[in-house]
Amino acid sequence: MPQKSDPELLVKMAEEARKGRLSRRDFMNFALAAGIGTSMASGFWTTKVAMAAPKKGGTFRWGIHDGNTSDTHDPGTYVTRQMIFLAHQYRSYLTMINPDNSLGPDLATSWEATPDAKQWTFKLHKDAVFHSGKKVTAKDVVASMNHHRGEKSTSAAKSLLTSVTDIIADDDHTVTFKLNGGNADLPWLMTDYHLAVCPADGDGIDWKSGDGCGPYKIDSGEFGVSWSLSRHDGWHGEGAYFDKVEMTILNDPNARQTALVTGDVDCVSLVDLKTLALLKRNPNIAVDNVPSGAAITMPMFCDTAPFDDVNVRQALKLSIDRQEIIDKIAFGAATMGNDFHLAPVQPYFPEEIPQREYDPDKAKSLLKKAGAEGLSVSLSTADSVFSGAVDMCVLYAEQAKKAGIKINVVREPSDGYYSDVWLKKPFTAVSWGARPTPDVMFSLAYKDDAAWNESHWQNAEFNKLLLQAKAELDQKKRAEMYHDMCMLMRDDGGTIIPFFNNFVYARRKNVMHGENLAASWSCDGARAPSRWWFA
Amino acid sequence: MSDVLSIVLKRLGLGVITLFVISVLIFGAVEMLPGDIAEAVLGMGATEENVAAMREQLGLNQPAPVRYFDWLSGAVVGDFGVSLVTQTPVGEVIGPRFANTLFLATYAAAIAVPVAIFLGVVVALLRNTLFDRVANVLALTSISSPEFFLGYILILYLSVKTGMFPAIAKISGDMTFLELLQRTFLPALTMVLVVVAHMMRMTRAAIINLLSSPYIEMARLKGMPAWRVIIKHALPNAWAPIINVVALNLAYLITGVVLVEVVFVYPGIGQLLVDSVTKRDFTVVQACCLIFAATFILLNLAADVLAILTNPRLRYKK
Amino acid sequence: MNYFVIGYYALLIGASCVAAQYGKRGAFMALFSLTLASFIMGIIGGENWLWTVTVGAGVVALAAGTAFSFREFLAIVLPREAAKAIRTAPLTASFGLFVIGTYAIAGIFAPIIAPHGEAEVIAQAFEPANEEMLLGADQLGRDMFSRLIYGARNTVGLALTATIAAFVMGAFAGMLAATIGGWFDNFMGRVADVIMSIPSLIFALLMLSIFGTNLTVLVIIVAIIYSPRVFRLTRAVAGNIVVMDYIEAAKLRGEGLWYLIRREILPNSTAPLIAEFGLEFCFVFLLVAGLSFLGLGIQPPTADWGSMVRENATLISFGEITPLIPAGAIALLTVSVNFVVDWMLYRSSGLKE
């Protein structure tokens, strides 16, 4: 490599960095290797890459997909994007996922565990206040967490906190979680969108009023229609550059797109992938395409014929052409899956595992070995699973024909898909939101006794490793264990993972954001209003 | 006149029975839907325990007939209960949205009805000419295009390309009336396109149907100009079928606009109903359906009464 | 000014003069108003608009030519009686017949006509048209033309079956109610009221969620939704007939209920029923397309025009014509059906001027 310290290289690298392909650390390292001085590189970074400092002001108009008129403020039943996006504005969490996907402080400023990871202590921010002016204390945190625990709880996050035996307020600004087994990931769990901190009210919490301690407070709004928020001046965090935020629920893809094109909104949370290429041609619009840990899975019941034979499962995994599916269904906006439920953007991703390719011949021979030639199976799906779900299954059925497998695609009603089809039919298509760590995901859907073990997969070795890794605080050992678990899922498990979908959202060009975009939710981890600004 | 009054009373009585039957049917249908409210609200987050807890909280453990009669005993005194999901009174949930729906329907009707009747008369006058044929083709094309598609095309030409009207009909309380009309013009126009054709064709057919009657022949032989024959002699006798079709279409403007609401992001009652069905929110579904049914019944009643009032023969029955 | 514009006006004015010379008032008025309108359009929109008019006129002329030839063809091929009827048919009706015939052939012989399979993936997504694919590829790289042909079979088959079912149910119930009268009439009237009072889309949504989305359920539900309208119309028409003297006479003759309906009432109430059929056919199409929009409807990968419009509808915002093709197919068919219906109505109503 010719050692040139010319500005061209620097400009090129800055360009890469601006596109988010290079982090600040990498940028500095490369710059030093290229013979550019630290101060110069650093200066260049701040002026060219991070651009001008964020400016305050303006009203951020945000078009959002997936809102329902019968949503509520109850954090235990948050399910639509409307509520997830809104929750990150008007409420706060103990921890948050930073734009670079590391774990950072929110309401908690620091946290530490006992060596066995069975007890975690969080220190709270001393200046945090609710919109009503009340101070945020440990009592509020305890009440908010208990909202998701106990027999009477109707919270969807109940299963997340089953290992928690007790939550204690040590003083006004210290909270301790006691667990029945070691869990190295508890601080990560605290970023779950259900676990928002609400003001305590008697024994429970006051969720009805919509009071919270997030960066923006609700001025007015209607579920499933729109919300107006304005900046909460007493917010404990950094950012919140916009004066006001207006969220509008735009469920129809065409409505979102035209609203953005005509300038009725500044940003939309989801773009119709079919028109992505056409939208990119618009000079006023910038598209953000962010890889995520949100997976599309196709679980097969490992205890039901014909899927009880591992050869059949492998054959089905080999007869899917992932590249064609990514090209045609996700229009390139996806990361290829490898039949284990961990994405490259997530912690502990095992890079050494080879990619599984489309190989209908090998699938055929496996079927022969299993004595299941001329296999015919039904694959259930629905339009609501994700945009293109039905198309994906139809395409898969076409690809599997080459391996001699007949797949009947059954389009189930969207309404009630997750209560009547998923976990009930032996072969389905499912869309999973990203979970912060592999442990959460694996315990949720691959552990032998998990309620959502969608593939009915029982693997003793996997389950043993899962328990060990959970309490392991040594990062290197832990990474090895996750590698082994992924191999087991890939070669024995009952889940086909075609791809991890990217978050694809678009904004008007005058909306600016930092170098990285968080991969936990669309629009910078659902925190665009508190992290972005107007040029 | 007492005839009319007795008809109205009788029809209102029948209407109440119809509403009752509908409420039973809707309750039954919602009960038969796969999954229940607890599962629907918790979605993918449903586990057996929290579903059970929520069922208990909402009183779903009681047998279905008990729940129905609980609801009915409230409904007969005007208390339609609270939304099962949000726990707010149904009136508060539905009220503002129904007002929005009524506004949009009125807006569309105010354009559609005069236009349709005027065009109907004109094409009846110019029947079998080029104009008639062209109007016919355009009318048929507009009814046979899916309404969401008409909406998309209107958005493309009147909003994206020319910027004359906003693409999303977002409305708020502090808008002036003119602003409101401008904001909601595209959804209203879509609905106009959907209903105009039907009414226009019926007007045309009803008038042409009468043209071979002897008294029209007479008027024509008298040397009366064709347009006067139609306005003075044919139209008054054609009112009954026209009013009927108009009523049917008005009902459609109120009850059948879910897709238009979705496309233009208009906060009307249709979207609320679909969402409530998804969430199995029985009280809201029931209230919406009853409002729709009552609208339909009242409009039909009004149509029949008007038909009687415009036709002396029906008014003074032997 | 170029040759196109000069030729354009010369042709229009010349044709107007010819029309005036031979005393064709209607043709003259149409041509000359087009000329005047063209002046205005030419000033506002320039040459492009005139081109659009020319292309439009060409399409209309082509359609008229097809209709004319097809009418002549039918007149020669068909037996004497039918030929006589067909000769008097307006061009619109013969155009309608032509389109319906084409669709019928396309639907019946779909597997032979379509160059590719209904679900066969042969190309990249949205590949433009080439010799292989007449209309290009859809979002999965399936041949659009083949899917359109198969769609004729599936969509039209479904809509036709449902409309016929609605008519059989509605018309039969209507005539029965009119003939029997009394409590039965009242009861059926209430049943129809109840069904009509529930918005059709919601009714379909509820029923399809309960019984699952398969073709049979879809047809039955659509038929149930539309039968009350047919019922009310039939009831009204038949109500006027049952009070006629000839029915009275037949009753006195001791004819049975079935005879009355079949031989006396039905033949006298076909005209309004046929007229209604054309419109109902459109509405059934719309309902099925609307259901697809809500994610209920025909199972994939079955080609269906409604779903084809829905799947690609967002492309219209960028001026892509892909979704217009199936939408156009729906529009063309419904217009044609109504042309034929208008003609039949005209014939049977005895309104001849």
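Residues numbered from 1 in each chain as written. Chains lettered and ligands numbered in written order. Predicted model: local features only at pLDDT ≥ 70, side-chain atom pairs only at ≥ 80, totals over all residues. Heavy atoms only, no water.

**Quick word on the interface of chain A and chain B**
Contacts between the two partners involve 43 residues from chain A, matched on the other side by 37 residues from chain B. Summed over the shared surface of chain A and chain B, the number is 1 salt bridge. Salt-bridge contacts for R97 of chain B lead to E222 of chain A; the nearest nitrogen and oxygen are separated by 3.5 Å. At the junction of chain A with chain B, the criterion picks out 3 residue pairs in polar contact (both at pLDDT 80 or more). Those elements that place two or more of their residues in the side of chain A that touches chain B are β12 (244-249), α7 (253-261), α13 (417-420) and β19 (430-431) of chain A. Across the side of chain A that touches chain B, the residue classes tally to 14 nonpolar, 19 polar and 10 charged. (Contact = heavy atoms within 4.5 Å. Salt bridge = Lys/Arg side-chain N within 4 Å of Asp/Glu carboxyl O. Polar contact = N/O pair within 3.5 Å; in protein donor to acceptor, adjacent residues only side chain to side chain. Helix = DSSP H or I, 4+ residues; strand = E, 2+ residues; numbered from the N terminus. Nonpolar A, V, L, I, M, F, W, Y, C, P; charged D, E, K, R; others polar.)

**As for the interface of chain C and chain B**
On the side of chain B, 48 residues touch chain C, which itself brings 46 residues to the contact. Summing both sides of the interface, chain C and chain B together bury roughly 4200 Å²; the carbon and sulfur share of this comes to 79%. Inspection of the region where chain C meets chain B yields 0 salt bridges. Inspection of the region where chain C meets chain B yields 1 residue pair in polar contact (both at pLDDT 80 or more). Of all the secondary-structure elements, those providing two or more residues to the side of chain C that touches chain B are α8 (182-197), α9 (200-211), α10 (215-242), α13 (270-293), α14 (305-312) and α15 (324-349) of chain C. With 10 residues, α15 of chain C is the largest single contributor of residues to the side of chain C that touches chain B. Of the residues assigned to the side of chain C that touches chain B, the class counts are 31 nonpolar, 8 polar and 7 charged. (Buried area = accessible area lost by both parts, 1.4 Å probe.)

**Section: the side chain of N68 of chain A**
Secondary-structure assignment places N68 of chain A in the loop between β1 (59-64) and α4 (81-90). Assessed through its relative accessible area of 9%, N68 of chain A is described here as buried. N68 of chain A has contacts with T80, Q82, F223 and G224 of chain A together with D275 and K279 of chain B, leaving out every residue within four places of it along the chain. (Buried < 20%, exposed > 50% of the residue type's maximum accessible area, 1.4 Å probe, protein only.)

**Some points on the sheet that holds β19 of chain A**
All names here are of chain A. Overall, antiparallel pairing links the 4 strands, which are arranged β16-β20-β15-β19 in an open sheet. The open sheet has two edge strands, β16 (334-336) and β19, and neither has a second partner. In this structure, strand β15 (residues 295-299) lies alongside β19, joined through 2 bridges in antiparallel fashion. When the bridges of β19 are listed, T297 appears paired with V430. (Pairing = 2+ DSSP bridges.)

**Quick word on the domain arrangement of chain B**
All names here are of chain B. On domain assignment, one finds that chain B holds domain 1 (2-76) and domain 2 (95-315). With centres defined by C-alpha atoms, the gap from domain 1 to domain 2 works out at 31 Å. Taken together, the contacts link 23 residues of domain 1 with 22 residues of domain 2. A combined buried area of about 1800 Å² lies between domain 1 and domain 2, and 79% of that area is made up of carbon and sulfur atoms. Per-residue buried area on domain 1 facing domain 2 is highest for R11, L19 and W71; these three make up 27% of the total on that side. One can count 1 salt bridge joining domain 1 with domain 2. For D304, the salt bridge identified is with R11, shortest N-O distance 2.5 Å. The interface formed by domain 1 and domain 2 contains 2 residue pairs in polar contact (both at pLDDT 80 or more). (Domains from an automatic or database assignment.)

**Side note on the domain arrangement of chain C**
According to the domain assignment, chain C contains domain 1 (3-88) and domain 2 (152-348). The C-alpha-based centres of domain 1 of chain C and domain 2 of chain C are spaced at 35 Å.

**Side note on the sheet that holds β1 of chain A**
Residues and elements named next belong to chain A. Taking strand neighbours across the sheet as the criterion, the 7 strands line up as β10-β11-β12-β1-β13-β21-β14 in an open arrangement whose pairing is mixed. Each edge of the sheet is formed by a strand with only one pairing partner; in this case those strands are β10 (216-222) and β14 (285-290). Relative to β12, strand β11 (residues 226-231) runs antiparallel, the two sharing 5 bridges. Looking at β12, one finds that S228 is bridged to E246. Strands in contact with α7 are β13 (267-268), β14 and β21 (503-508); relative to β21, the strand with the most contacts, it is inclined by about 30°. (Axes fitted to C-alpha atoms, helices over the stretch in contact; angles between N-to-C directions.)

**Some remarks on a negative patch on the surface**
All names here are of chain A. Residues E461, D474, E480 and D484 make up a contiguous surface patch of negative charge. Looking at the secondary structure, you find D474 in the loop between α15 (460-471) and α16 (475-492). Judged by relative accessible area, D474 falls into the partly exposed class, the value being 33%. (Patch = residues over 30% accessible without salt bridge, like charges linked within 9 Å, V, L, I, M, F, W, Y side chains within 5 Å. Areas by Shrake-Rupley, 256 points an atom, 1.4 Å probe, with all protein chains shown as cover. Lys, Arg positive; Asp, Glu negative; His and termini not counted. Charge placed at Lys NZ, Arg CZ, Asp CG, Glu CD.)

**What about α9 of chain C?**
Residue and element names in this part refer to chain C. With 12 residues, α9 should reach 16 Å at 1.5 Å per residue; the first-to-last C-alpha distance of 16 Å fits that figure. Regarding α9, the residues found buried are L201, I202, F203, A204, L205, L206, M207, L208, S209 and I210. Just downstream of α9 lies G212, where phi reads positive at about 85°. (Expected span 1.5 Å × (residues − 1).)

**Quick look at a nonpolar patch on the surface**
All names here are of chain C. Together, F32, L36, F39, I40, I43, I44 and W49 give the surface a local cluster of nonpolar side chains, amounting to about 760 Å² of exposed area. Take I43: it is sitting in helix α2 (residues 25-45). Taking the relative accessible area as the measure of exposure, I43 reaches 73% and is therefore exposed.

**Looking at the state of the cysteines**
Each disulfide is one covalent bond, formed between the sulfur atoms of two cysteines. All chains considered together, the criterion is met by 0 disulfides over all chains. A disulfide-free cysteine, C302 of chain A has its sulfur positioned 16 Å from the sulfur of C486 of chain A, the nearest such atom. (Disulfide = S-S within 2.5 Å.)

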